[in-house]
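Residue strings, one per chain:
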Amino acid sequence: MISYDGQVALVTGAASGIGLAAARAFARSGAAVALADWNADAVEQAAAALTAEGHKALAIACDVADDAQVEAMIAQTVSHFGRLDAAYNNAGVQNVLAETADTTGQNYDRVMSVNLRGIWSCMKFELRHMRRQGKGAIVNCSSLGGLVGGAERGIYHAAKHGILGFTKSAALEYAARGIRVNAVCPGLIWTPMADQMVAAGQGEALKGMEKSVPMGRVGRPEEIADAVLWLCSDAASYVTGQSISVDGGFIMR
Ligand code: NAD
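Reading the values: the criteria
- Residues numbered from 1 in each chain as written.
- Predicted model: local features only at pLDDT ≥ 70, side-chain atom pairs only at ≥ 80, totals over all residues.
- Heavy atoms only, no water.
- Salt bridge = Lys/Arg side-chain N within 4 Å of Asp/Glu carboxyl O.
- Helix = DSSP H or I, 4+ residues; strand = E, 2+ residues; numbered from the N terminus.
- Buried < 20%, exposed > 50% of the residue type's maximum accessible area, 1.4 Å probe, protein only.
- Axes fitted to C-alpha atoms, helices over the stretch in contact; angles between N-to-C directions.
- Left-handed = near helix turned anticlockwise from the far one by under 90°.
- Contact = heavy atoms within 4.5 Å.
- Nonpolar A, V, L, I, M, F, W, Y, C, P; charged D, E, K, R; others polar.
- Disulfide = S-S within 2.5 Å.

A. Region of the structure containing the pattern of salt bridges. Within the structure shown, the criterion is met by 8 salt bridges. Of the charged contacts in the structure, one is a salt bridge between Glu204 and Lys207, with a shortest N-O distance of 3.5 Å. With Glu204 and Lys207 both in helix 7 (residues 192-212) and 3 residues apart, this pair spans about one turn of that helix. For Glu204, a relative accessible area of 60% translates into the label exposed. As a salt-bridge pair, Glu222 and Arg220 come within 3.9 Å of each other at their nearest N and O atoms.

B. Layout of the packing of helix 3 (residues 67-81) against helix 5 (residues 117-133). Look at helix 3 against helix 5: their axes get within 9 Å of each other, and the N-to-C directions meet at 35°. Relative to helix 5, the crossing made by helix 3 is right-handed. Between helix 3 and helix 5, the contacting residues are Asp67, Val70, Glu71, Met73, Ile74 and Val78 on the first element and Arg117, Trp120, Ser121, Cys122, Phe125, Glu126 and His129 on the second. For the contact of helix 3 with helix 5, the per-class residue count stands at 7 nonpolar, 2 polar and 4 charged.

C. The arrangement of the state of the cysteines in detail. Enumeration over the complete set of coordinates arrives at 0 disulfides. Free of any disulfide, Cys62 has its nearest neighbouring cysteine sulfur in Cys122, separated by 6.3 Å. Residue classification places Cys62 among the buried positions, given a relative accessible area of 4%. Take Cys232: it sits in no disulfide, and the sulfur closest to it among the cysteines is that of Cys141, at 12 Å. Taking the relative accessible area as the measure of exposure, Cys232 reaches 5% and is therefore buried.

Coordinates in, geometry out; function isn't part of it.
Shown next as structure tokens:
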């Protein structure tokens, strides 16, 4: 098992789904964990549950679309725990389903501000700290949608493609300075986000997608968390600028 003893990890979107699973996995592997989310009550509860298990956990209310809040999130993490070794930039939202001709600027701004600007902003302030530290590992959450197109989901897919561009560019910039930057591309993972897609009328589409997964099932949040922990660890010390699909084989189809 990978050990994060003595290390500090930060997870955004840590109140739910994949982010919550990653925060738990970091904590149970020995890391002190900063859990950030714009849902202040839920992230407080998530951190309290980890503290009750005997782990070091800090809840931070943060909207990743707001640079000032992101800068404060990194400052709070470092002032509380003393350093930042691993960051998983996970927070994301879905777009309102609409074909491109019918999309709105409001939907575009909402999705891009969280899913792309949020990742850029988190990386920027994490890297400022890791650059001083001379070591660090970042994993950004892209998606299967970062690798393929998606009807009525163009804004989400464009943001997730953009994340891979930021990931490779930052990986190049910092490769010789002890900082690795990678991405995960989850396939269909059952989380509250998937519940929201069902509520928005995409239940049949999700069922169809599930049938097409070569492994024949949707993924669990913990299966993404395992990949994130590996990518952030010294077990992946020669891996940078990569995106790893964790999707039951879906991308091969
Ligand atoms: P989720 O809705 O369960 O969790 C997302 C979390 O992010 C929530 O706690 C939410 O409050 C938080 N969040 C949203 N906007 C935020 C903001 N502006 N600032 C801070 N926190 C914010 O979703 P999930 O399925 O766990 O998704 C996590 C990530 O995985 C997302 O980036 C999503 O795009 C990606 N992803 C999910 C799937 C899937 O099938 N579930 C597939 C591919 C990629």
